[in-house]
Amino acid sequence: MSSVAVLWVAPSSPNPDPMNNPGLIRVLESSRLLSPCLNQRLDTGKRSSSSSVMSCRRRLSSAVSSSLVASPAAGEITLSSEEKVYNVVLKQAALVNKQLRDLDDLKKPQDIVLPGTTTGSLSLLGEAYDRCGEVCAEYAKTFYLGTLLMTPERRKAIWAIYVWCRRTDELVDGPNASHITPMALDRWEARLEDLFRGRPFDMLDAALADTVARYPVDIQPFRDMVEGMRMDLRKSRYKNFDDLYLYCYYVAGTVGLMSVPVMGIDPKSKATTESVYNAALALGIANQLTNILRDVGEDARRGRVYLPQDELAQAGLSDEDIFSGKVTDKWRNFMKMQLKRARMFFDEAEKGVTELDAASRWPVWASLLLYRRILDEIEANDYNNFTKRAYVGKAKKIAALPLAYAKSVL
């Protein structure tokens, strides 16, 4: 899939002035390209001074040239991956705002038709959720322990989401990955559509079907994750960070969007739903960037390089340097910049964790702090992510829990 999407078609003028087009201004405002002063005007209804507006317009002109691409022939303006993904964020936030008006709707039992039966069965659904919990406990021990801190209903829903995501990832990274074709992914997506209609294929699907019926979870992030698997089948290089960002959204940022409706937002929170979703998205991006930086050597042995090609070139590096697996000063300098970027996404994620429902904050804080420490371990290994795998030991994991708890209650 292309990393950009056609957003706006200009009128007859071949070189339109973006500052004179109200439609484009609205799109840019929703995509956060406008500077903070105009964003404040949008969020609070306050008017900015004329000098501030002129300053914003000058900055916006610069942003347009760097973030949007105009086609002289058709007058088309395309959107970067970040703005494209933000449009999905807006849709998810709108869905939550609409469906959370009546919280009682989320507690009504749903009649999911289970495989091999003609009617729903709460006892069989319970077994389906329990099996999801067993899978989560087996393959994601730290994550599973975090879910035990949630309320029983939310815990089960998160298990169901995790299991579907794991099964999706296994299609391209599991033992049968060599036999997976785009057609197989098409069938998996069709099965997803049935699941959202209340027609699960198996017991594990049934748990997710019940979850998406109970919570305001939209299908789009799930579809996008499948698209990420398609991308893995056809791509092993990423020309720039915009390209890589879209991939990170597909395979990990989507998980944040799936999870927020289940985690819940603190009723006392004054943050916008969009900002909480943005933070969840940032946490997914940060986690995936951390995975990429931790697994450089492992991916290289599979012929894959999940690093921006243009940034490698700017650092005086190439794929051959990665395949040779030698830690040099050029590599250390390159890695320092990559770690800095990942930490920036973690910083953005922190802003939203404090806005989650109180019962969900501790496990999310624990996950964030533990994953962020992997970056510290890469540094401790002298940036050797070719032959050394950075990981957080059990003692450090245990030590992180009180800090996570303190952050969750402050």
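Structure's up top.
Not measured: the values here are computed from a predicted model.

Regarding the overall build of the protein chain
Next, step 1: A count of helical and extended segments in the protein chain gives 18 helices and three strands.
Next, step 2: Burial analysis of the protein chain (410 residues in total) assigns 51% to the buried set.
Next, step 3: Of the roughly 19900 Å² that the protein chain leaves accessible, carbon and sulfur atoms contribute 54%.

Some thoughts on the packing of aromatic side chains
Next, step 1: Counted by the stated rule, this structure contains 14 aromatic pairs.
Next, step 2: Ring plane angle 20° and centroid distance 5.7 Å describe the contact between Tyr144 and Trp159, whose orientation is recorded as stacked. Note that Tyr144 is positioned in helix H6 (residues 141-147) and Trp159 in helix H7 (residues 152-173), a separation of 15 residues in sequence.
Next, step 3: Between Trp362 and Tyr405, the aromatic rings sit 4.8 Å apart at their centres with planes inclined by 65°, giving edge-to-face as the arrangement. One end of the pair, Trp362, is in helix H17 (residues 358-380); the other, Tyr405, is in helix H18 (residues 394-409), and 43 residues separate them in sequence.
Next, step 4: The class for Tyr405 is partly exposed, based on a relative accessible area of 42%.
Next, step 5: The rings of Trp164, Trp188, Phe196 and Phe222 are connected pair by pair, giving a single aromatic cluster.
Next, step 6: Seen from the ring of Tyr139, Arg166 lies directly overhead, with NZ or CZ sitting 3.8 Å from the centre.

Regarding the side chain of Ser269
Next, step 1: Structurally, Ser269 is set in the loop between helix H11 (241-263) and helix H12 (273-294).
Next, step 2: At 2.5 Å, the side chain of Ser269 and the side chain of Glu355 are in polar contact.

What about the environment of Ala157?
Next, step 1: Within the secondary structure layout, Ala157 lies in helix H7.
Next, step 2: On the basis of relative accessibility, which here comes to 1%, the residue Ala157 falls in the buried class.
Next, step 3: Note: C-alpha distance between Ala157 and Asp210 (53 residues apart in sequence) is 8.4 Å.

Some points on a nonpolar patch on the surface
Next, step 1: Among the surface-exposed residues, Tyr405, Val409 and Leu410 lie close enough to one another that they form a single nonpolar patch of about 370 Å² accessible area.
Next, step 2: Mapping Val409 onto the fold places it in helix H18.

Quick notes on the environment of Cys165
Next, step 1: The residue Cys165 is located in helix H7 in this model.
Next, step 2: Separated by 90 residues in sequence, Cys165 and Val255 have C-alpha atoms that sit 7.8 Å apart.
Next, step 3: If near-sequence neighbours (up to four positions away) are discounted, Cys165 is found in contact with Met225, Val255 and Met258.

Focus on H11
Next, step 1: A bend of about 50° at Tyr250 is the largest found in H11.
Next, step 2: Burial of H11 is extensive: 21 of the 23 residues sit out of reach of the surface.
Next, step 3: For H11, the N-terminal cap is Asn240; the gap from its side-chain oxygen to the backbone nitrogen of Asp242 is 3.2 Å.
Next, step 4: Trailing H11 by a residue or two, Gly264 shows a phi angle of about 85°, which is positive.

Calculation criteria
Residues numbered from 1 in each chain as written. Predicted model: local features only at pLDDT ≥ 70, side-chain atom pairs only at ≥ 80, totals over all residues. Heavy atoms only, no water. Helix = DSSP H or I, 4+ residues; strand = E, 2+ residues; numbered from the N terminus. Buried < 20%, exposed > 50% of the residue type's maximum accessible area, 1.4 Å probe, protein only. Areas by Shrake-Rupley, 256 points an atom, 1.4 Å probe, with all protein chains shown as cover. Phe/Tyr/Trp six-rings, centres within 6.5 Å; stacked < 30°, edge-to-face > 60°. Lys NZ or Arg CZ within 6 Å of the ring centre and 35° of its normal. Polar contact = N/O pair within 3.5 Å; in protein donor to acceptor, adjacent residues only side chain to side chain. Patch = residues over 30% accessible without salt bridge, like charges linked within 9 Å, V, L, I, M, F, W, Y side chains within 5 Å. Salt bridge = Lys/Arg side-chain N within 4 Å of Asp/Glu carboxyl O. Contact = heavy atoms within 4.5 Å. Bend = angle between axes of the 7 residues up to and from the residue.

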